Amino acid sequence: MSKLRLLFVKEAQASYISHLDLLRTFQRAFPRTELEIKHSQGYHPHPIISIVLPLPVGQSSDCELLDFEVTQETDGSGIADKLNEGMPAGLRVLDCYEAKRPVKELAYLQASMELEYDHGVPEGALMRLQALFEREELVIQKRTKRKDMADVDIAPMIREMKWTEEPGKIKTQVTVSAQNPGLNPQLLGKAIERYLPEMQPDFIRIRRRRILDANGEDFR
């Protein structure tokens, strides 16, 4: 028996595939690998597969991870190519390998975020946004698992932000906590909406770039 991990890209049309539909997509693709996926026990057995830190709908990523178990002994060689033969547009498996590191060692997400302004970047926006995210406290409203709204201070979850400005947009590379608690970079837009509504962009585009451990190294 082997526990394997997939590294895959999710982009373009595939960025709008929901978490459950993404799991079903991989379940349908696994027979191409000629591996026997381990199933749960009970009356309704299902494949034991899980996506590490599921990506919110609408965001793209270069570094999604999916864990699964097979009944055979294998190191995952050749699995990526077999899966890619039938993947829908926007999904591409980069690698398949033995899952040796526990998910609890995953600490940070690094993402690129573009704030797009239809009528040009407001004057002074870059400096004001930089100052905003340097505050020691940034309280926003966030929906809880119970579907209630609660105040959450996201400032401690922001590790680093690097800013640049281009025509019609402001770009930032952000590193945030991944879990316990984790921060969806999309919520940075909520902070802009609350504290600097006049600087709120018309559209926010997010792409996950790296998943890191506590030392800032790639988690694989």
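Residues numbered from 1 in each chain as written. Predicted model: local features only at pLDDT ≥ 70, side-chain atom pairs only at ≥ 80, totals over all residues. Heavy atoms only, no water.

Student: Sorry, what's going on with the pattern of salt bridges here?
Tutor: Side-chain pairs of opposite charge can arise where the charged atoms are in close proximity. Taken as a whole and judged by the stated rule, the model has 17 salt bridges. Note that Glu 11 and Arg 207 form a salt bridge whose closest N and O atoms lie 2.6 Å from each other. With Glu 11 in the loop between β1 (2-10) and α1 (19-29) and Arg 207 in strand β10 (residues 203-213), this pair connects stretches of sequence that are 196 residues apart. Since its relative accessible area comes to 22%, Glu 11 is described here as partly exposed. Residue Lys 169 pairs with Glu 114 through a salt bridge whose shortest N-O separation is 3.2 Å. A residue pair is termed long-range when its members are at least 10 positions apart, and Lys 169 in strand β9 (residues 169-177) and Glu 114 in strand β5 (residues 106-116) qualify at 55 residues. The network of salt bridges with common partners includes Glu 11, Asp 62, Arg 92, Arg 207 and Arg 209. (Salt bridge = Lys/Arg side-chain N within 4 Å of Asp/Glu carboxyl O. Helix = DSSP H or I, 4+ residues; strand = E, 2+ residues; numbered from the N terminus. Buried < 20%, exposed > 50% of the residue type's maximum accessible area, 1.4 Å probe, protein only.)

Student: It is not clear to me how the nonpolar core should be interpreted in this structure. Could you clarify?
Tutor: In globular proteins that are soluble, nonpolar side chains generally tend to be buried together. Membership of the largest hydrophobic core comes to 41 residues, with the highest contact counts inside it found for Leu 115, Leu 129, Phe 133, Trp 163, Ile 170, Leu 183 and Leu 188. Secondary structure elements with two or more residues in this core: β3 (60-70), β5, α3 (125-132), β8 (158-166), β9, α4 (188-195) and β10. No other element matches the five residues that β5 contributes to this core. In this structure Leu 183 touches Leu 109, Ile 154, Met 157, Ile 158, Val 176, Ser 177 and Leu 188, once residues within four positions along its chain are discounted. (Core = buried A, V, L, I, M, F, W, Y, C linked by side-chain atoms within 4.5 Å. Contact = heavy atoms within 4.5 Å.)

Student: What exactly am I supposed to notice about the side chain of Glu 64 here?
Tutor: In this structure, Glu 64 sits in strand β3. The class of Glu 64 is buried, set by a relative accessible area of 2%. Side chain to side chain, Glu 64 and Ser 61 meet in a polar contact 2.7 Å long. A polar atom in the side chain of Glu 64 sits 3.0 Å from the side chain of Arg 208. Residue contacts for Glu 64: discarding those within four places in its chain leaves Leu 6, Leu 7, Phe 8, Lys 10, Leu 53, Leu 55 and Arg 208. (Polar contact = N/O pair within 3.5 Å; in protein donor to acceptor, adjacent residues only side chain to side chain.)

Student: Would you take a moment to explain the pairing of strand β7 (residues 149-153) for this structure?
Tutor: Remember that side chains alternate between the two faces of the sheet whenever the strand is regular. Bridge count between strand β6 (residues 139-143) and β7: five bridges; the pairing is antiparallel. Within the sheet, the bridge partner assigned to Arg 143 lies in β7 and is Met 149. What sits between β6 and β7 in their antiparallel hairpin is a turn of five residues, with Lys 147 showing a positive phi close to 75°. (Pairing = 2+ DSSP bridges.)

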